[in-house]
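Spelled out, the chains give:
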Amino acid sequence: MNGIHDLGGMHGMGAVITEENEPPFHHEWERRTFSLFASLFVGGHFNVDMFRHAIERMNPAHYLEESYYEHWMHAFETLLLEKGVITPEELAGIQQPGEASADIPVLRKEMVQAVVMTGASARVETDIPASFRAGDRVRAKNINPAGHTRLPRYVRGKTGTIVIDHGVFITPDTVAHGLGDHPQHVYSVSFDATELWGENAPAKDTVRIDLWDDYLEAL
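Every chain begins its residue count from 1, and numbering advances along the sequence as written. Local features in this predicted model are restricted to residues whose pLDDT is 70 or higher, and side-chain atom pairs enter the listing and the counts only when it is 80 or higher, whereas totals over whole chains, interfaces and linings include all residues. Just so you know, side-chain values use all the structure's heavy atoms and leave hydrogens and water out.

Caption draft 1: Seen up close, the overall build of the protein. Secondary structure follows DSSP: runs of H or I at least 4 residues long count as helices, runs of E at least 2 residues long count as strands, and numbering of each begins at the N terminus. Counting its secondary structure elements, the protein contains eight helices and five strands. Residues counted as buried form 33% of the 219 residues belonging to the protein. Should any heavy atoms of two residues lie within 4.5 Å, those residues are counted as being in contact. Of the contacts made within the protein by residues no fewer than 6 positions apart, 64% connect residues no fewer than 24 positions apart. Method for areas: the Shrake-Rupley scheme with a 1.4 Å probe, in which residue coverage is limited to the protein chains shown. As displayed, the protein has an accessible area near 13600 Å², and 52% of this comes from carbon and sulfur atoms. Neither His nor the chain termini are counted; the positive set is Lys and Arg, and the negative set is Asp and Glu. To locate a charge, the coordinates of NZ of Lys, CZ of Arg, CG of Asp or CD of Glu are taken. Across the protein, the 18 positively charged side chains and the 32 negatively charged ones have centroids separated by 6 Å. Relative accessibility thresholds used throughout: buried, under 20% of the residue-type maximum; exposed, over 50%; partly exposed, between the two (1.4 Å probe, protein chains only).

Caption draft 2: Broad picture of the packing of helix α1 (residues 28–42) against helix α4 (residues 68–82). Between N-to-C directions, angles cover 0 to 180 degrees, with each direction set by a line fitted to C-alpha atoms, over the stretch in contact for helices. At their nearest, the axes of α1 and α4 sit 10 Å apart, and the two run at 40 degrees to each other. Here α1 is positioned oblique relative to α4, judged by the angle of their axes. Like other packed secondary-structure pairs, α1 and α4 cross with a definite hand, here left-handed. Of the residues in α4, those touching α1 at W29, E30, T33, F34, L36, F37 and L40 are Y69, E70, W72, M73, F76 and L80. Residues were grouped as follows: Ala, Val, Leu, Ile, Met, Phe, Trp, Tyr, Cys and Pro as nonpolar; Asp, Glu, Lys and Arg as charged; and all remaining residues, including Gly, as polar. Its residues assigned to classes, the contact of α1 with α4 shows 10 nonpolar, one polar and two charged. Here roughly perpendicular refers to angles of 65 to 115 degrees, roughly parallel to angles under 35, roughly antiparallel to angles over 145, and oblique to all remaining angles. Helix crossings get a hand from a simple test, with the near helix turned counterclockwise from the far one by less than a right angle marking a left-handed crossing and a clockwise turn marking a right-handed one.

Caption draft 3: Fine view of the packing of aromatic side chains. Pairing of aromatic side chains requires ring centres within 6.5 Å, counting the rings of Phe and Tyr and the six-membered ring of Trp. Pairs whose planes differ by under 30 degrees are stacked, by over 60 edge-to-face, and all others tilted. Taken as a whole and judged by the stated rule, the model has 18 aromatic pairs. Ring plane angle 25 degrees and centroid distance 5.9 Å describe the contact between F46 and F51, whose orientation is recorded as stacked. The residues F46 and F51 share a single accessibility class, namely buried. Arranged with centres 6.1 Å apart and planes meeting at 15 degrees, the rings of F46 and F76 form a pair that is stacked. Of the two residues, F46 sits in the loop between α1 and α2 (48–56) while F76 sits in helix α4, which places them 30 residues apart along the sequence. Assessed through its relative accessible area of 4%, F46 is described here as buried.

Caption draft 4: Summary view of the side chain of H185. Take H185: it is sitting in strand β3 (residues 184–192). Pairs of N or O atoms within 3.5 Å make up the polar contacts considered here, provided that, within protein, one atom can donate a hydrogen while the other can accept it, and that residues adjacent in sequence are counted only when both atoms are side-chain atoms. In terms of polar contacts, H185 uses its side chain to reach the backbone carbonyl oxygen of I128, at 2.5 Å.

Caption draft 5: Structural view of unusual backbone geometry. The backbone of N21 sits at a positive phi, close to 55 degrees, despite the residue not being glycine. Along the chain, N21 turns up in the segment before α1. Exposure remark for N21: the relative accessible area of 70% places this residue in the exposed category.

Caption draft 6: Broad picture of the pairing of β3. Counting buried positions along β3 yields eight of nine residues, so the element is predominantly enclosed. For two strands to be treated as a pair, DSSP must find at least two bridges joining them. The pairing of strand β2 (residues 159–169) with β3 spans seven bridges and is classified as antiparallel. In the sheet register, F169 faces β3, and the bridge partner there is Q184. Two elements, β3 and strand β4 (residues 206–212), share seven bridges in a ladder whose sense is antiparallel. Note that in β4 the partner of D192 across the bridge is T206.

Caption draft 7: A look at α2. Extensive coverage of α2 is indicated by the burial of seven of its nine residues. The N-terminus of α2 is capped by N47, whose side-chain oxygen sits 3.0 Å from the backbone nitrogen of D49.

And the structure:
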């Protein structure tokens, strides 16, 4: 969605500062937060695109001020409150949590490796005709959705070339809002850097972006 959360292609954010020998987690609470994602995902409380959209709905100032795993915690709290899994009183610690339903799937030890390393594929094995094929020239639509989308702002209205048809996948724009899978083809589209950022960009550089059928129009 439009907002500070879509940082791709933006200038003025400062240098990327790397930490030598950076550990996977800086605090124990970050390690526990990481494990929560797999547990809640297996429990069916949200999908990946719902999770991303919850982060996108953060207050912009808080988004920039808070750390990576604080974004995750915000998403967990937002989604579990919205779905009635927890109450505001339980979240605030002034009420003891109720018993979890026995019907909710539980992440077991033998499942962890597969869930963490592979997640759940968004590929759909269904026969849906492709709107484009490799070699086609296309333009990314200049749209500004109020909800979740995987069409970055810096590519909207820009022209590129289809390089690969990855096949059929569910659509993030719909599943993020519980509106169904809406399966369609996803393509790797190559854009010249100068097309995206102007004549000062390296003339020989290209950027490949995976884009859904609904994001593209023929030239």
